Amino acid sequence: MKPTFYVTTPIYYVNDVPHIGHAYTTVAGDVLARYKRLMGYDVYFLTGSDEHGQKVEKAATTAGETPLELADRVVKRFQALWGRLGISHNDFIRTTQERHKNGVSRIFENILEKGDIYLGEYEDWYCTPCETFWTETQLIEGRCPDCNRPVEKLKEESYFFRMSKYQGELLSYIEANPDFIQPKSKRNEIISFINEGLRDLSVSRTTFSWGIPVPGNNRHIIYVWFDALTNYITALGYPDETGNYGRYWPVDVHLIGKDILRFHAVYWPTFLMAAGLPLPKKVFAHGWWTVEGQKMSKSLMNVVEPNMLIDKYGVDAVRYFLLREVPFGLDGDFSHSALVQRINSDLANDIGNLLSRSTAMAVKYFNGILPSAGLLTETDHSLRHKTEAMVTIVDKFVDELAFSKALQAIWEVISAGNKYIDDMAPWTLAKDPANSGRLATVMYTLLESQRITHCILSAFLPATAAKALSSLGWNETLTKEGLVWGGLKDGAKITKAEALFPRIEE
Ligand code: ME8
């Protein structure tokens, strides 16, 4: 049986349209999912939409729609974008689906029956955009400490989750599992937050109606974060604990932005503890994108629309930029000039040129029929070894979610390939028929190194890799066996590759 791998993205709110922030997490999840499939895992990759709560209800009222009409309309934009970005999710969960509502009611009921959810009264400050309650002391100059927007005082009867009870157990779990919260700096922030003391958490609302009712008390709506976080198991069929739940839970990694780490590293694990369910193996919080140095916001009108980028630069250029430009876990800045720079140097120049030069030579010198290689010289061996070592290095980096480092390791082999051509000067060898054996070995080494490079790159840039592998005459199914040297067979049909990435003139 194949080992399993379960990876999730956040489920995005439908009151906003998708932008590069959403694309970022989703592309990262896709790379991980594709990579693990390539390595032989049985992968389940989940994304979806968060459709309940006051925020969505208000947006719908403003738009003159029902919340579900708004959700139906916006969810299509997310789904269409994921289609264009080549996202290979296995499932898309919407929190308005029956399977989800049913699972949320069951887990809520289960914790209620155990006594870890109880009825009480709440009075505190509420930030609607963040759907979060704050105490007086947490406010900064009377505003939301997260988004700096005004908050409102709310007093209501509320169900509370006994989160305080799980403080010690949660800390022990975090200590016993050093990789549970990543990166490290974020883990430390969470530990300090827990050490300040966990309060019981209000997990129901009575001031609006757009959500899942508390079982047995219709006046209350289940708190949107309790509802949303549960998607990670309702999508697997929970409360049915056989089937996909039994197969994929606990999740291997929840990919999220740093804005929602507390919900994933404190609330969610304590809900699971109360329900007696296993905890996630890893929660990874990536950094935040600004745009041309500024916070991305509707009011600044600087929201970067991924469809527009894809139209202009192509899908794989966008995927590459997002994962190469900024180390996963750190904040980064999006700018058109940085994107164009990456396209022209890394994509058009390095990888694109290497493939078009080498396939053109194979066509010119051997009519596109790959000759068999003779004995490798030390230089040939060196390119082979670099390629083989890269496969091992990339595996380690992808496991650490160090996507940028993984791409750098791949690009070192691409640079080595370009240098190899310059050093070997096939055009000089081609002048003398006596060198044809040597020329064959050089061409084989060059093309085989790129075949392996594109096999592994298929996780990152699937469309590009497919084009490249086809011009290399390699049409086999992508598996990890394809990453072993020697896959290209004598007589393979090489065709001259079109430019993978046209240069962008600014
Ligand atoms: O928080 N830079 O949904 P959301 C990087 N529904 N990533 C960004 C980003 C930016 N500027 N902006 C958004 C929610 N993201 C809840 C989640 S999960 C059970 C419920 C990404 O639509 C990043 O992944 O506000 C962030 O965590 C997520 O979008 C927030 O999406």
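Structure: see above.
Residues numbered from 1 in each chain as written. Predicted model: local features only at pLDDT ≥ 70, side-chain atom pairs only at ≥ 80, totals over all residues. Heavy atoms only, no water.

What follows is about the site of the ligand. Around the ligand sit 23 residues, and of these Ile11, Thr25, Asp50, Asp259 and Trp289 come closest. Measuring from an oxygen atom of the ligand, one finds a side-chain N or O atom of His22 at 3.5 Å. Here Thr25 contributes a side-chain N or O atom positioned 2.6 Å from an oxygen atom of the ligand. For the shell around the ligand, the elements supplying multiple residues, two or more each, are β1 (4–13), α1 (20–38), α7 (224–229) and α8 (231–234). A breakdown of the residues in the shell around the ligand according to their chemical character gives twelve nonpolar, nine polar and two charged. (Near = heavy atom within 4 Å. Polar contact = N/O pair within 3.5 Å; in protein donor to acceptor, adjacent residues only side chain to side chain. Helix = DSSP H or I, 4+ residues; strand = E, 2+ residues; numbered from the N terminus. Nonpolar A, V, L, I, M, F, W, Y, C, P; charged D, E, K, R; others polar.)

Attention shifts here to the nonpolar core. Inside soluble globular proteins, nonpolar side chains tend to come together where they are buried. Membership of the largest hydrophobic core comes to 109 residues, with the highest contact counts inside it found for Ile410, Trp411 and Phe460. Those residues in contact with Phe460, other than ones at most four positions away along the chain, are Val31, Arg319, Leu323, Val398, Phe403, Ala406, Leu407 and Ile410. Tyr44, Val224, Trp249 and Val251 belong to the second largest nonpolar core, which has 66 residues in total. (Core = buried A, V, L, I, M, F, W, Y, C linked by side-chain atoms within 4.5 Å. Buried < 20%, exposed > 50% of the residue type's maximum accessible area, 1.4 Å probe, protein only. Contact = heavy atoms within 4.5 Å.)

Taken together, the six strands give an open sheet; going across it, the order is β3-β2-β1-β12-β13-β7, and neighbouring strands pair in parallel fashion. Of all the strands in the sheet, the pair left with one neighbour each is β3 (91–94) and β7 (181–182). The pairing of strand β2 (residues 42–50) with β3 spans four bridges and is classified as parallel. Pairing of Thr47 across the sheet is with Phe92, part of β3. Against the sheet, helix α3 (residues 67–84) engages β1, β2 and β3, with an angle of about 160° to β3. (Pairing = 2+ DSSP bridges. Axes fitted to C-alpha atoms, helices over the stretch in contact; angles between N-to-C directions.)

Here we come to α1. Helix length check: α1, at 19 residues, gives a terminal C-alpha distance of 26 Å against a target of 27 Å (1.5 Å per residue), a fit within 8%. Burial within α1 is extensive, with 17 of its 19 residues counted as buried. A positive backbone phi angle near 95° is found at Gly40, which sits one or two residues after α1. (Expected span 1.5 Å × (residues − 1).)

As defined by bridge partners, strand β9 (residues 204–205) adjoins strand β11 (residues 217–222) across two bridges and the pair is classed as antiparallel. Within β11, the position partnered with Ser204 by the bridge is Ile222. Sheet topology places strand β10 (residues 213–214) next to β11; two bridges connect them, and they run antiparallel. The residue bridging Val214 from the neighbouring strand is Asn217, located in β11. The antiparallel hairpin formed by β10 and β11 contains two residues in its connecting segment, where Gly216 sits at a positive phi of about 85°.

Here we come to the pairing of strand β13 (residues 283–286). Side chains of β13 alternate between two faces, with Val283 and Ala285 and Phe284 and His286 buried alike. Relative to β13, β7 runs parallel, the two sharing two bridges. What sits directly across from Gln182, in β13, is Phe284. Two strands pair when backbone bridges link them, and strand β12 (residues 253–257) and β13 are joined in this way by four bridges, in the parallel orientation. Looking at β13, one finds that His254 is bridged to Val283.

The next subject is the environment of Lys364. For Lys364, the location among the structural elements is in helix α13 (residues 336–366). For Lys364, a relative accessible area of 64% translates into the label exposed. Taking the C-alpha atoms as reference points, Lys364 and Ser172, 192 residues apart in sequence, are found 65 Å from one another.

With respect to topology, three strands assemble into an open sheet ordered β9-β11-β10, the strand pairing being antiparallel. Each edge of the open sheet is held by one strand with a lone partner, namely β9 and β10.

The omega angle of the peptide bond from Gln182 to Pro183 is -10°, so this bond is cis rather than trans. Considering the arrangement of structural elements, one finds Pro183 in the loop between β7 and α6 (184–195). Cis geometry is found at the peptide bond from Tyr238 to Pro239, where omega equals 15°. Turning to its location among the elements, Pro239 is positioned in the loop between α8 and α9 (243–248).

So, about the pattern of salt bridges. Counted according to the given criterion, the structure contains 27 salt bridges. Between Arg162 and Asp116 there is a salt bridge whose closest N-O contact spans 3.8 Å. Of this pair, Arg162 sits in the loop between β6 (152–161) and α5 (167–176) while Asp116 is found in the loop between α4 (98–114) and β4 (117–127), placing the two residues 46 residues apart along the sequence. On the basis of relative accessible area, Arg162 is assigned to the partly exposed category, the value being 30%. Of the charged contacts in the structure, one is a salt bridge between Arg357 and Asp422, with a shortest N-O distance of 2.7 Å. Taken together, the positions of Arg357 in helix α13 and Asp422 in helix α15 (residues 403–424) put the pair 65 residues apart, joining distant regions of the chain. In the salt-bridge network here, residues are joined through shared partners; they are Asp30, Arg34 and Arg319. (Salt bridge = Lys/Arg side-chain N within 4 Å of Asp/Glu carboxyl O.)

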